[in-house]
Amino acid sequence: METSENYNTQSITGKSNLMGTTFQTQTEKSKITLIAILTAAACFFTYYFHVKLGIGTVFTHFYYIPIILACIWWQKRGLVVAAFLSAFLIFSH
């Protein structure tokens, strides 16, 4: 009886770890994809509003979305998104 319980626990744990790893990897890919899309949209807005329209007041509020999401998901590593968008905004002038 004890052997059967150990086998079931091990098989459940093994499947759980495998599925958890797969789910985490897929979730991480989704997060990276979403941040990449939002960052690309922010870069497009920067170009469009600075170059085409010549204004730069409202669109920068869009930067909050990718920066906050990246920092929530990846803590200090999320600051890379903030640094990139900040540099992009500064050099677009």
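In this text the structure is predicted, and so the values were computed from the model without any measurement. (Residues numbered from 1 in each chain as written. Predicted model: local features only at pLDDT ≥ 70, side-chain atom pairs only at ≥ 80, totals over all residues. Heavy atoms only, no water.)

Turning our attention to the packing of helix α2 (residues 64-74) against helix α3 (residues 79-91). Packing of α2 against α3 brings their axes to within 7 Å, and their N-to-C directions diverge by 155°. Classified by the angle their axes make, α2 and α3 are roughly antiparallel. Only Leu79, Val81, Ala82 and Leu85 of α3 make contact with α2, whose side of the interface consists of Pro66, Ile67, Ala70 and Cys71. (Axes fitted to C-alpha atoms, helices over the stretch in contact; angles between N-to-C directions. Helix = DSSP H or I, 4+ residues; strand = E, 2+ residues; numbered from the N terminus. Parallel < 35°, antiparallel > 145°, perpendicular 65-115°, else oblique. Contact = heavy atoms within 4.5 Å.)

Further remarks concern α3. A rise of 1.5 Å per residue sets the reference length of α3, with its 13 residues, at 18 Å; its end C-alpha atoms lie 18 Å apart and thus fit the reference within 8%. Of the residues making up α3, those classed as buried are Val81, Ala82 and Leu85. On an axial view of α3, the arc spanned by its buried residues comes to 100°, and they lie on one face. Looking at α3, the residues exposed on the side facing more than 90 degrees away from the buried face are Val80, Ile90 and Phe91. (Expected span 1.5 Å × (residues − 1). Buried < 20%, exposed > 50% of the residue type's maximum accessible area, 1.4 Å probe, protein only. Arc of directions from axis to C-beta.)

This next bit is on the packing of aromatic side chains. Within the structure shown, the criterion is met by nine aromatic pairs. Between the aromatic rings of Phe44 and Phe45, the centroid separation amounts to 6.1 Å while the plane-to-plane angle is 50°, which identifies the pairing as tilted. Overall, the relative accessible area of 27% leaves Phe45 in the partly exposed class. Taken together, the ring pairs connect Phe44, Phe45, Tyr48, Phe49, Phe59, Phe62 and Tyr63 into an aromatic cluster. (Phe/Tyr/Trp six-rings, centres within 6.5 Å; stacked < 30°, edge-to-face > 60°.)

Residues shown with low pLDDT carry predicted positions that ought not to be read at fine detail. For the protein chain, the average pLDDT comes to 80, and 75% of its residues sit at 70 or higher. Per-element averaging of pLDDT across the protein chain places helix α1 (residues 2-53) at the bottom with 73 and α2 at the top with 95. Low pLDDT (under 50) marks residues 6-17, which in the prediction has zero contacts with non-local residues, meaning those over four places away or in another chain. (pLDDT = per-residue confidence, 0-100.)

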